[in-house]
Amino acid sequence: MRLTVHIPEDLARLLRQTAENEGKSMSALTAEALEAYLKERRRRALGLKVLERAGKSRVAGEAHRLLEEGRRDRP
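Residues numbered from 1 in each chain as written. Predicted model: local features only at pLDDT ≥ 70, side-chain atom pairs only at ≥ 80, totals over all residues. Heavy atoms only, no water.

- The name an unreviewed UniProt entry assigns to the protein chain is Ribbon-helix-helix protein, copG family, from the organism Thermus arciformis.

This is the structure:
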């Protein structure tokens, strides 16, 4: 799918440089970054739902941070 977006010039310059350094197209790097962002948002939303269903209607920020740390892949 083709999508046109407008980004600030400084971000475009950083995207161009990063894509060149990684040997990728700007389009591929943008798609990769967007996918990572959307996956992270989905993970956070799921984590909050799990905590809410566990009976925690008000979740402290610290609990959310700890949940996120626990989900990260370990080397």
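## Some remarks on the overall build of the protein chain
Thought 1: Of the regular secondary structure elements, the protein chain holds 3 helices and 0 strands.
Thought 2: Here the protein chain holds 75 residues, and 11% of them are scored as buried.
Thought 3: Put simply, the protein chain shows about 6800 Å² of open surface, and 55% of that area lies on carbon and sulfur atoms. (Helix = DSSP H or I, 4+ residues; strand = E, 2+ residues; numbered from the N terminus. Buried < 20%, exposed > 50% of the residue type's maximum accessible area, 1.4 Å probe, protein only. Areas by Shrake-Rupley, 256 points an atom, 1.4 Å probe, with all protein chains shown as cover.)

## Focus on the packing of helix α1 (residues 9-22) against helix α2 (residues 26-53)
Thought 1: Two elements in contact, α1 and α2, have axes separated by 9 Å at closest approach and are oriented at 100°. By the angle between their axes, α1 is roughly perpendicular relative to α2. In contact with L15, R16, T18, A19 and E22 of α1, α2 contributes M26, L29 and T30.
Thought 2: Among the residues making up the contact of α1 with α2, the classes are represented as 4 nonpolar, 2 polar and 2 charged. (Axes fitted to C-alpha atoms, helices over the stretch in contact; angles between N-to-C directions. Parallel < 35°, antiparallel > 145°, perpendicular 65-115°, else oblique. Contact = heavy atoms within 4.5 Å. Nonpolar A, V, L, I, M, F, W, Y, C, P; charged D, E, K, R; others polar.)

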